[in-house]
Amino acid sequence: MTTCITGTGLYIPPYSISNEELVDSFNQYVDNYNAKHADAIEAGTVTALEHSSAAFIEKVSGIKSRYVMEKDGILDPEIMAPVIPYRNLGEELSIMAEMGAAALKDALADAGLEANDLDGIILACSNFQRTYPAVSIEIQNEIGMVGGFAYDMNVACSAATFGLSQAHGSIVSGLAKRVAVVNVEITSAHLNWRNRDSHFIFGDVATASIVEELDTPKGYEILSTKLFTQFSTNIKNEYGFMDRSEFLAAQTEMYPDIKEPVTDKLFLQNGRKVFREVCPKVSEIITEHLQENDIATSDVKMMWLHQANANMLDLILRTVVGRDADKAIVPSVIAEFANTSSASPMIVFHRYKDALKSGDLGVICSFGAGYSIGSVLVRKV
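Residues numbered from 1 in each chain as written. Predicted model: local features only at pLDDT ≥ 70, side-chain atom pairs only at ≥ 80, totals over all residues. Heavy atoms only, no water.

(A) Here's a closer look at unusual backbone geometry. The peptide bond linking Tyr132 to Pro133 adopts the cis configuration, its omega dihedral lying at 0 degrees. For Pro133, the location among the structural elements is in the loop between strand S4 (120-125) and helix H6 (135-142). Cis geometry is found at the peptide bond from Gly370 to Tyr371, where omega equals -10 degrees. Inspection of the secondary structure puts Tyr371 in the loop between strand S12 (361-368) and strand S13 (372-380). Look at Ala338: it is not a glycine, yet its phi comes out positive at around 65 degrees. Structurally, Ala338 can be placed in the loop between helix H11 (334-337) and helix H12 (344-352). With a relative accessible area of 1%, Ala338 lands in the buried category. Residues other than glycine seldom take positive phi values, yet Ser341 does so here, at roughly 55 degrees. Mapped onto the elements, Ser341 comes out in the loop between H11 and H12. Ser341 gets classed as buried once you look at its relative accessible area, which sits at 1%. (Helix = DSSP H or I, 4+ residues; strand = E, 2+ residues; numbered from the N terminus. Buried < 20%, exposed > 50% of the residue type's maximum accessible area, 1.4 Å probe, protein only.)

(B) Looking closely at the environment of Ala250. Within the element layout of this structure, Ala250 appears in helix H8 (residues 243-250). In sequence terms Ala250 and Leu361 are 111 residues apart; their C-alpha atoms lie 54 Å from each other.

(C) How the structure looks around the state of the cysteines. Per the counting criterion, the structure on display carries 0 disulfides. Cysteine Cys279 is unpaired, with the sulfur of Cys365 as its nearest cysteine sulfur at 11 Å. (Disulfide = S-S within 2.5 Å.)

(D) Region of the structure containing the packing of aromatic side chains. Under the criterion given, the structure shown has 9 aromatic pairs. With a centroid separation of 6.4 Å and 50 degrees between ring planes, the pair formed by Phe26 and Tyr29 is classed as tilted. With Phe26 and Tyr29 both in helix H1 (residues 19-36), this residue pair falls 3 residues apart, about one helical turn. On the accessibility criterion, Tyr29 (14% relative accessible area) is buried. Geometrically, the ring pair formed by Tyr220 and Trp304 is edge-to-face, given 5.6 Å between the ring centres and 85 degrees between the ring planes. One end of the pair, Tyr220, is in strand S8 (residues 220-229); the other, Trp304, is in strand S11 (residues 300-305), with 84 residues separating them in the sequence. Here Tyr220 falls in the buried class, since its relative accessible area comes to 3%. (Phe/Tyr/Trp six-rings, centres within 6.5 Å; stacked < 30°, edge-to-face > 60°.)

(E) A look at the sheet that holds S11. In spatial order, the strands read S5-S4-S6-S7-S1-S8-S13-S12-S11; together these 9 strands make up an open sheet with mixed pairing. The sheet is open, and its two edges are formed by strand S5 (149-154) and S11, each paired on a single side. Strand-to-strand twist across the sheet, computed as the mean angle between neighbouring axes with direction ignored, equals 25 degrees. (Pairing = 2+ DSSP bridges. Axes fitted to C-alpha atoms, helices over the stretch in contact; angles between N-to-C directions.)

(F) Focus on the pattern of salt bridges. Evaluation of the coordinates by the stated rule reveals 15 salt bridges. Note that Glu213 and Lys177 form a salt bridge whose closest N and O atoms lie 2.9 Å from each other. Taken together, the residues Glu213 in strand S7 (residues 204-214) and Lys177 in the loop between helix H7 (159-172) and strand S6 (178-186) connect sequence positions 36 residues apart. Residue class for Lys177 comes out partly exposed when judged on its relative accessible area of 48%. Between Glu284 and Lys281 there is a salt bridge, and its shortest N-O distance comes to 3.0 Å. Highlighted residues: Glu284 and Lys281, both in helix H9 (residues 271-292), separated by 3 residues, approximately one helical turn. If you follow the salt bridges from partner to partner, you end up with Lys226, Glu288 and Glu292 in one network. (Salt bridge = Lys/Arg side-chain N within 4 Å of Asp/Glu carboxyl O.)

Right, dumping it as structure tokens:
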């Protein structure tokens, strides 16, 4: 028996925002802010905000555009957030389940399977629109899958590879024969679009992968998985169900040590530290994983990496394969999609999986908050 990735799916949101559109909106917000606080800025009590530019964004990230589920609110200088109406749970399909179901149906068709061929669904993401019932179970219901199991899991940007590892483990342990891993990211809703350092980073998307136990392998055989985590606050999003309690605590004299609630719980990162600390560790984990499986780096034909930043992709390629490595080994979609968190390596895999020949080896690797790193070694059948 072998465990194989036999199908993948991709859902692309209906709207795209170019760097130029984003910068026009951001710079208008900056002008409005600076005008409103002109006296305080002149007095030195408030720091003036700086303009951004499309050239700056592309230089530091490699991003040219991003897909989003809602565009007008993001580009409105007075709102700068996606305006997505509430859907009544139980009467309407949630937006996250809608995206995930679309990607999963695409993956099932790619694998030549029906919904009831699945034994399990793992929804592996950075962000969830609610705590429970699990969005994965909503997706299970939407595609018409009767029986089996579904659950949500979160390992930030590494969730896809951790999900693939869990699917592989479920099959090896005998819990299931076919498991879908779904990655849905509405990162436009967790991003502070007013932050010059990060307002351009993310986009929305959904991906899905089918993992099967097979007598006769097809697709990509999973050879081995390797997972790593280490606590860090250099990438974080603290938004959660405790916000109400923390806000109330800050309003009462019962807790004099709490002066005010946390005012920005959306995505925050120390980009320079992340670059310096994460890139070497990713290269180390991939290299160790290859060595543990007696695979030379020169035998790796492709690495489908988390699309965090174009400069990070280049550095990881050079440190794993060598300074003269062919850039085609690490294909990129970041210019079109931006960073789509957990879904990003699976977009690249979906787009480029047919580029390899039978017997070729590849690495699916993701990395992000935690810190967390996941590596999946695969061989084209």
